[in-house]
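Observations on the model geometry
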Number of protein chains: 2
Amino acid sequence: MSGRTGRRPGNPDTREAILDAARTAFAARGFDAASIRAIAGAAGVDPALVHHYFGSKDKLFLAAMNAPIDPGRLLPEVLDGDRQGIGERLVRAFLAVWDSPAGMAGVALLRSAVTTEWTARLLREFLVTQVLRRVLQHLDADPAERPLRGALVAAQMSGLVLMRYVVRLEPLASAPPETLVAAVGPGVQRYLTGPLDEVFPLPD
Amino acid sequence: MSGRTGRRPGNPDTREAILDAARTAFAARGFDAASIRAIAGAAGVDPALVHHYFGSKDKLFLAAMNAPIDPGRLLPEVLDGDRQGIGERLVRAFLAVWDSPAGMAGVALLRSAVTTEWTARLLREFLVTQVLRRVLQHLDADPAERPLRGALVAAQMSGLVLMRYVVRLEPLASAPPETLVAAVGPGVQRYLTGPLDEVFPLPD
DNA sequence: GTCTATATTCCGATAGAC
DNA sequence: GTCTATCGGAATATAGAC
């Protein structure tokens, strides 16, 4: 879990070490509880150096989040294929990202989105503009339905991440990815391309 | 379980006022950010009085959570009825609880479960022993399948709560309950009583 | 019982020396 | 660039006076 805590005196990429330590700390303890002092300690540098590089704790958090989360990289592989398999491919890609070291940033973002207000807005806009809209646009869904369909997918996926990586509810936490792909894939598929009368039951 | 022989506290109203303010504060700002000073201020009492009643911040949190969360009250109405409608009834009951004032305690528990370790364990054991096990027991599910089925339901429901009440993702946040019942009910139903080969696809 | 005052700890951020 | 020293603030929790 602990990243690179080795000593690196006079190293030019001290900046990367700080970002690495920041990601682990934010993911593990949330935004508030993760202190700059602890991050600096884990990175093997002085707390004041963190301020020198990033200016404030907020900017450090944003700098730690921006890089590793890049949905544009893996969205093509989700969208490429038959229409009926997009649910399972979406779940598979999500789990692959969250199981990787880069997934720590996602956990950190989710953790602090629950706690502080401005990260919640950050996560909201990220989900809406960077992920969900692209998927539903690719599926040629009715524009009027897209927000609700996208939100339902977000709810299913975030709940999966929450229980598997944060709360660590068994056997979800240690289940093989393909089991979960087969289990929740169809549900996601239904939210994306399911019949209209089930997703929009009350046209009052 | 209510202590009928316990020594009576000073003013029952002030104690309830403190618990009420605590639930609101914990739900709105999370465990760490909700200060005893702010809770005391909202309740109209002195901060030191909170310590006098509950001893510590942790115990105050536990006292605020214990009362309003009582799944035994509404589980019968979920379990009573035909087998195929239990998914929708479960979602309907959940939303009814979370939309009510008592739902603040649930939001507070979820919020702090994401941040602090011991509340995550609290939520875990609460979900497993108080909710999921009872539902699946009533359905006569294969005991070997119960943990995964229950965890999948927990993931779906917690994600719904997370997006609707915490992150406030639209249009999920302001959608009428019955819309969500019809939208996610079938998915929950599938997790509970769905075909075996979909939930357990890899018998390796 | 209730509140005032304080002890203790830890945080983010700044200024300035090597 | 990197670190030492410190400021100013807010938090929990305690001790003790009315």
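What you see is a predicted model, and the numbers here were worked out from it, not measured in a lab.

This brings us to the packing of aromatic side chains. Taken as a whole, this structure holds 14 aromatic pairs over all chains when the rule is applied. Seen from their ring centres, phenylalanine 26 of chain A and phenylalanine 31 of chain A are 5.6 Å apart, and the 15 degrees between their planes marks the pair as stacked. The exposure classification of phenylalanine 26 of chain A matches that of phenylalanine 31 of chain A, with both residues buried. Judged by centre distance (5.2 Å) and plane angle (20 degrees), the ring pair of phenylalanine 94 of chain B and tryptophan 98 of chain B falls under stacked. Pair noted here: phenylalanine 94 of chain B and tryptophan 98 of chain B are both in helix H6 (residues 86-99), with a separation of four residues, about one helical turn. The exposure class assigned to phenylalanine 94 of chain B is buried, which follows from its relative accessible area of 19%. Judged by its relative accessible area of 18%, tryptophan 98 of chain B is buried. Taken together, the aromatic side chains of Phe26, Phe31, Phe61 and Trp118 of chain A make up a single cluster linked through ring pairs. The aromatic ring of phenylalanine 31 of chain B is capped on one face by lysine 57 of chain B, whose charged end is 4.8 Å from the ring centroid.

What follows concerns the UniProt feature "DNA-binding region" (unreviewed entry) in chain A. UniProt marks residues 35-54 of chain A with the feature "DNA-binding region" (unreviewed entry), using the numbering shown here. Overall, residues 35-54 of chain A shows 80% helix and 0% strand. The separation of its end C-alpha atoms is 14 Å.

Residue and element names in this part refer to chain A. Here chain A is partitioned into domain 1 (14-66) and domain 2 (71-196). If you average the C-alpha positions of domain 1 and of domain 2, the two centres end up 27 Å apart. Counting residues at the interface gives 14 residues for domain 1, matched by 12 residues for domain 2. When the two sides are added together, the surface that domain 1 and domain 2 hide from each other amounts to roughly 980 Å², 78% of it contributed by carbon and sulfur. When the area that domain 1 buries against domain 2 is broken down by residue, the three leading residues are Ala27, Phe61 and Met65, summing to 42%. Put simply, domain 1 and domain 2 have zero salt bridges between them.

This part covers the pattern of salt bridges. Residue and element names in this part refer to chain A. Counting across every chain of the model gives 10 salt bridges over all chains. Arginine 89 is paired through a salt bridge with aspartate 82; the nearest N and O atoms lie 3.3 Å apart. Using a relative accessible area of 49% as the deciding quantity, one classes aspartate 82 as partly exposed. Here glutamate 145 makes a salt bridge to arginine 149, at a shortest N to O gap of 2.8 Å. Of the residues examined, glutamate 145 reaches a relative accessible area of 11% and is grouped as buried. Note on arginine 149: relative accessible area 4%, which makes it buried.

Now for the relation of the copies chain A and chain B. Overlay of chain A on chain B (RMSD 0.2 Å): rotation 179 degrees, translation along the axis 0.1 Å. In symmetry terms, the pair is related by a two-fold rotation axis. Across chain A, the smallest distance between a C-alpha and the rotation axis is recorded for glycine 159 of chain A, namely 1.8 Å. With an isologous cut-off of 70% or more, the 100% of interface residues of chain A that recur at the interface of chain B puts this contact in the isologous class.

Residues and elements named next belong to chain A. Examined against the element boundaries, glutamine 130 turns out to sit in helix H8 (residues 117-138). Linking glutamine 130 and isoleucine 18, residues 112 residues apart in sequence, is a C-alpha distance of 27 Å. When residues no more than four places from it in sequence are discounted, the contact partners of glutamine 130 are Pro71, Leu75 and Glu125. Of the polar contacts made by the side chain of glutamine 130, one reaches the side chain of threonine 129; its length is 3.4 Å.

Contacts to DNA strand D come from 16 residues, most closely from Asp46 and Tyr53 of chain A together with Ile36, Arg37 and His51 of chain B. Near the protein, meaning within 4 Å, the atoms of DNA strand D are sugar or phosphate in a fraction of 56%, with bases accounting for the rest. Within the side chain of threonine 14 of chain A, one N or O atom sits 3.5 Å away from a phosphate oxygen of DNA strand D. Measuring from a base oxygen of DNA strand D, one finds a side-chain N or O atom of arginine 37 of chain B at 3.4 Å. Those elements that provide at least two residues to the surface near DNA strand D are helix H3 (47-54) of chain A together with helix H2 (36-43) and helix H3 (47-54) of chain B. For the surface near DNA strand D, the leading source of residues is H3 of chain A, giving four residues. Along the lines of polarity and charge, the residues of the surface near DNA strand D split into six nonpolar, six polar and four charged.

So, about the protein's contact with DNA strand C. Residues in contact with DNA strand C amount to 15 residues; listed here are only the nearest, Arg37, His51 and Lys57 of chain A together with Asp46 and Tyr53 of chain B. A breakdown of the atoms of DNA strand C within 4 Å of the protein gives sugar and phosphate a share of 59%. Between isoleucine 36 of chain A and DNA strand C, the recorded distance is 3.1 Å, taken from a backbone N or O atom to a phosphate oxygen. Contacts to DNA strand C include tyrosine 53 of chain B, whose side-chain N or O atom sits 3.1 Å from a phosphate oxygen. Mapped by element, the contributors of at least two residues to the surface near DNA strand C are helix H2 (36-43) and H3 of chain A together with H3 of chain B. Among the elements that line the surface near DNA strand C, the one with the most residues is H3 of chain B, at four residues. Of the residues in the surface near DNA strand C, the class split is six nonpolar, five polar and four charged.

Residue and element names in this part refer to chain B. Between the first and last C-alpha of helix H9 (residues 146-166) there are 28 Å, a value that for 21 residues agrees with the 30 Å anticipated at 1.5 Å per step. Within H9, 19 of the 21 residues are buried, leaving the element largely enclosed by the surrounding structure. Remark: arginine 168 follows H9 within two positions and exhibits a positive phi of approximately 60 degrees.

Rules and cut-offs
- Residues numbered from 1 in each chain as written.
- Chains lettered and ligands numbered in written order.
- Predicted model: local features only at pLDDT ≥ 70, side-chain atom pairs only at ≥ 80, totals over all residues.
- Heavy atoms only, no water.
- Phe/Tyr/Trp six-rings, centres within 6.5 Å; stacked < 30°, edge-to-face > 60°.
- Buried < 20%, exposed > 50% of the residue type's maximum accessible area, 1.4 Å probe, protein only.
- Helix = DSSP H or I, 4+ residues; strand = E, 2+ residues; numbered from the N terminus.
- Lys NZ or Arg CZ within 6 Å of the ring centre and 35° of its normal.
- UniProt positions renumbered as here; feature names shortened; annotations may be inferred.
- Domains from an automatic or database assignment.
- Contact = heavy atoms within 4.5 Å.
- Buried area = accessible area lost by both parts, 1.4 Å probe.
- Salt bridge = Lys/Arg side-chain N within 4 Å of Asp/Glu carboxyl O.
- Least-squares fit on C-alpha atoms with pLDDT ≥ 70 in both.
- Polar contact = N/O pair within 3.5 Å; in protein donor to acceptor, adjacent residues only side chain to side chain.
- Near = heavy atom within 4 Å.
- Nonpolar A, V, L, I, M, F, W, Y, C, P; charged D, E, K, R; others polar.
- Expected span 1.5 Å × (residues − 1).

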